[in-house]
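# Results of the structural survey
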Amino acid sequence: MTGFSTRAIHAGQEPDPATGAVITPIVASSTFAQDGVGNMRSGYEYSRSANPTRTALEECLAALEGGSRGFAFASGLAAEDTLIRSIAKPGAHLVLPHDAYGGSFRLFAQVYEPWGLRTDPVDLTDLAAVEAAIRPGETVAVWVETPTNPLLSVADIAAIAEIAHSLGALVIVDNTFASPYLQQPLALGADVVMHSTTKYCGGHSDVVGGALVVADPALAERVQFHQNALGAVAGPFDAWLVLRGLKTLAVRMERHSDNAERVAGFLAQHSRVSEVFYPGLESHAQFDVAKRQMLRFGGMVSFRVRDGEQAAVDVCGRTKVFTLAESLGGVESLVEHPGRMTHASVAGTALEVPSDLIRLSVGLEDVADLIADLDQALSG
Ligand SMILES: *Cc1c(COP(=O)(O)O)cnc(C)c1O
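By the naming in an unreviewed UniProt entry, the protein is Cystathionine gamma-synthase, taken from Microlunatus phosphovorus. Per UniProt, the comment on the protein under Cofactor (unreviewed entry) is "pyridoxal 5'-phosphate". Here is the UniProt Sequence similarities (unreviewed entry) comment for the protein, exactly as written: "Belongs to the trans-sulfuration enzymes family."

Structure representation (structure tokens):
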């Protein structure tokens, strides 16, 4: 197999046979002419079922994650919903991370629970707890998110896959924070990888999208059926934007990691900061696992300030280079207060985050400017 960036730039993206266009065209057509009833020219019939621009993205994603098939959706949550309906029916049980992304937790707790799915949030860094939570014959999957949002805890994918498979459960990894460049869950034994391509895959804060990459061809067929039956697909322009983003994923993730490592080091020695969460710090509780399963440590850094919630809110309001906004993974740096913003929906649940926590999406600006900005915001 060719290298990562070669696949990112070329997989699924041969020059257009009709025109020679080097860049995959945006095929906006909803429908495709047939040469006689049921006789399709190149396999395309209707763009919910399949669309050439989306196919290019799906082939590229499969090549980057090393799976048999990729699938592109209208959002990360649409990808999750399609996957869960492909593998579970009312009565089924899933094991979730106790610090899952708030939107994933909301989907499970407020949509699937009333619909008859049962879930148990567990600390995925505690392998004995993972094993104890799996109910053989009932648990269809362990949902893994690593590193987690916003506390950057790291789960051991290979160890969880071994436990889950021995008890008959699938392993799904939300690989949004690491991206396929930094972490390859299928190679570590996972069955399905999920992405919010809104984040690093797209990489420019200009598209909302989601993806699944499936290892087993039989499971991929079930997912394909559900993708078409549920219809929450990525539109051609959105698919094109994500495909463009993927071409530069490797260089972006290298620079995100460079900058975030420097920012995390700066915060770790700052007198107004009480705790820094970054998998690349030796002080991180799962540093050894992170070092083993990630190429580098990515662009997300969270930290707690010493003087409580209001101090955290004030720091978020004082940054000038870091923009105060939700989301992450774009070229520009963002700051947010998870307790009141991205994770407000989990207040009062097992997933509540510390009120003095600040989350940074460290972008690709000059790192000296990022550090100077945080320095002035912390000392204001
Ligand atoms: C954003 C995000 C999602 C949800 O994706 P959307 O594209 O917003 O639907 C899921 N998991 C993680 C880790 C995320 O950051």
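### A word on the environment of glycine 317
Mapped onto the elements of the fold, glycine 317 is located in helix 12 (residues 308-318). The class for glycine 317 is exposed, based on a relative accessible area of 59%. Counting along the chain gives 118 residues from glycine 317 to lysine 199, while the straight-line C-alpha distance between them is 23 Å.

### A look at the site of the ligand
Inspection of the region around the ligand gives 16 residues, with Gly76, Asp174, Ser196, Thr198 and Lys199 positioned closest. Contact distances for the ligand include 2.8 Å between an oxygen atom and a side-chain N or O atom of serine 196. A distance of 2.8 Å separates an oxygen atom of the ligand from a polar atom in the side chain of threonine 198. Contact with the protein chains removes 92% of the 380 Å² of surface that the ligand exposes when unbound.

### Quick look at the sheet that holds strand 8 (residues 273-277)
With respect to topology, five strands assemble into an open sheet ordered 8-9-12-11-10, the strand pairing being mixed. Edge positions in the sheet fall to strand 8 and strand 10 (323-324), since each of these pairs with one other strand and no more. Looking at chain direction, strand 8 and strand 9 (residues 300-305) are connected through four bridges and run antiparallel. Within strand 9, the position partnered with valine 273 by the bridge is valine 305.

### Details of helix 3 (residues 76-87)
If you check helix 3, its first and last C-alpha atoms are 17 Å apart, about what 12 residues at 1.5 Å a residue would give, namely 16 Å. Counting buried positions along helix 3 gives 10 out of 12 residues, so the element sits mostly inside the fold. Within the sequence span of helix 3, burial applies to Gly76, Ala78, Ala79, Glu80, Asp81, Thr82, Leu83, Ile84, Ser86 and Ile87. N-cap assignment for helix 3: the residue whose side-chain oxygen lies 3.4 Å from the backbone N of leucine 77 is serine 75.

### Describing the UniProt feature "modified residue: N6-(pyridoxal phosphate)lysine" (unreviewed entry) in the protein
When the UniProt feature table is mapped onto this chain numbering, "modified residue: N6-(pyridoxal phosphate)lysine" (unreviewed entry) sits at Lys199. When you line up the elements, lysine 199 lands in the loop between strand 6 (192-196) and strand 7 (210-214). Given a relative accessible area of 10%, lysine 199 falls into the buried group. When sequence neighbours within four positions are dropped, the list of residues in contact with lysine 199 reads Thr176, Ser327, Leu328 and Gly329.

### Some words on the sheet that holds strand 5 (residues 170-174)
Sheet strands line up and pair through hydrogen bonds in the backbone, either parallel or antiparallel. With mixed pairing, seven strands are arranged side by side in an open sheet as 1-7-6-5-4-2-3. Each edge of the sheet is formed by a strand with only one pairing partner; in this case those strands are strand 1 (69-73) and strand 3 (118-122). Within the sheet, the average angular offset between the axes of one strand and its neighbour, ignoring direction, is 20°. Across three bridges, the pairing between strand 5 and strand 6 is parallel.

### Re the domain arrangement of the protein
Split into domains, the protein comes out as domain 1 (4-246) and domain 2 (249-379). Together, the buried faces of domain 1 and domain 2 total about 3,300 Å²; carbon and sulfur atoms form 64% of this surface. Per-residue buried area on domain 1 facing domain 2 is highest for Tyr181, Leu182 and Tyr200; these three make up 24% of the total on that side. Linking domain 1 to domain 2 there are one salt bridge. A salt bridge links aspartate 156 to arginine 292, with the nearest nitrogen and oxygen atoms 3.3 Å apart.

### Some words on the pattern of salt bridges
Once the charged atoms of two side chains with opposite charge are near each other, the side chains can pair. Throughout the structure, instances matching the rule amount to 14 salt bridges. In this structure, glutamate 138 engages arginine 135 in a salt bridge whose closest nitrogen and oxygen atoms are separated by 3.5 Å. Residue arginine 135 is classed as partly exposed on the basis of its relative accessible area, which comes to 29%. In this structure, aspartate 258 and arginine 296 form a salt bridge, with 2.8 Å as the shortest nitrogen-oxygen distance. Here aspartate 258, found in helix 10 (residues 249-268), pairs with arginine 296, found in the loop between helix 11 (287-293) and strand 9; they are 38 residues apart in sequence, far enough to count as distant.

### What about unusual backbone geometry?
Residue proline 147 is bonded to the preceding threonine 146 through a cis peptide linkage, with omega at -10°. Structurally, the position occupied by proline 147 is in the loop between strand 4 (139-145) and helix 6 (157-166). In this model, asparagine 149 is joined to proline 150 through a cis peptide bond whose omega is 10°. Relative to the assigned elements, proline 150 resides in the loop between strand 4 and helix 6. Backbone geometry places leucine 152, a non-glycine residue, at a positive phi of 55°.

### Description of the pairing of strand 7
Along strand 7, five of the five residues are buried, which leaves the element largely enclosed by surrounding structure. Burial of strand 7 is two-sided: the residues Gly210, Leu212 and Val214 facing one way and the residues Ala211 and Val213 facing the other way are all buried. Inspection of the sheet shows strand 1 paired to strand 7 by five bridges, in the antiparallel sense. Bridge assignment links phenylalanine 73 to a residue of strand 7, and that residue is glycine 210. The pairing of strand 6 with strand 7 spans five bridges and is antiparallel. Among the inter-strand pairings, methionine 194 is bridged to a residue of strand 7, identified as leucine 212.

Cut-offs applied
Residues numbered from 1 in each chain as written. Predicted model: local features only at pLDDT ≥ 70, side-chain atom pairs only at ≥ 80, totals over all residues. Heavy atoms only, no water. UniProt positions renumbered as here; feature names shortened; annotations may be inferred. Helix = DSSP H or I, 4+ residues; strand = E, 2+ residues; numbered from the N terminus. Buried < 20%, exposed > 50% of the residue type's maximum accessible area, 1.4 Å probe, protein only. Near = heavy atom within 4 Å. Polar contact = N/O pair within 3.5 Å; in protein donor to acceptor, adjacent residues only side chain to side chain. Areas by Shrake-Rupley, 256 points an atom, 1.4 Å probe, with all protein chains shown as cover. Pairing = 2+ DSSP bridges. Expected span 1.5 Å × (residues − 1). Contact = heavy atoms within 4.5 Å. Axes fitted to C-alpha atoms, helices over the stretch in contact; angles between N-to-C directions. Domains from an automatic or database assignment. Buried area = accessible area lost by both parts, 1.4 Å probe. Salt bridge = Lys/Arg side-chain N within 4 Å of Asp/Glu carboxyl O.

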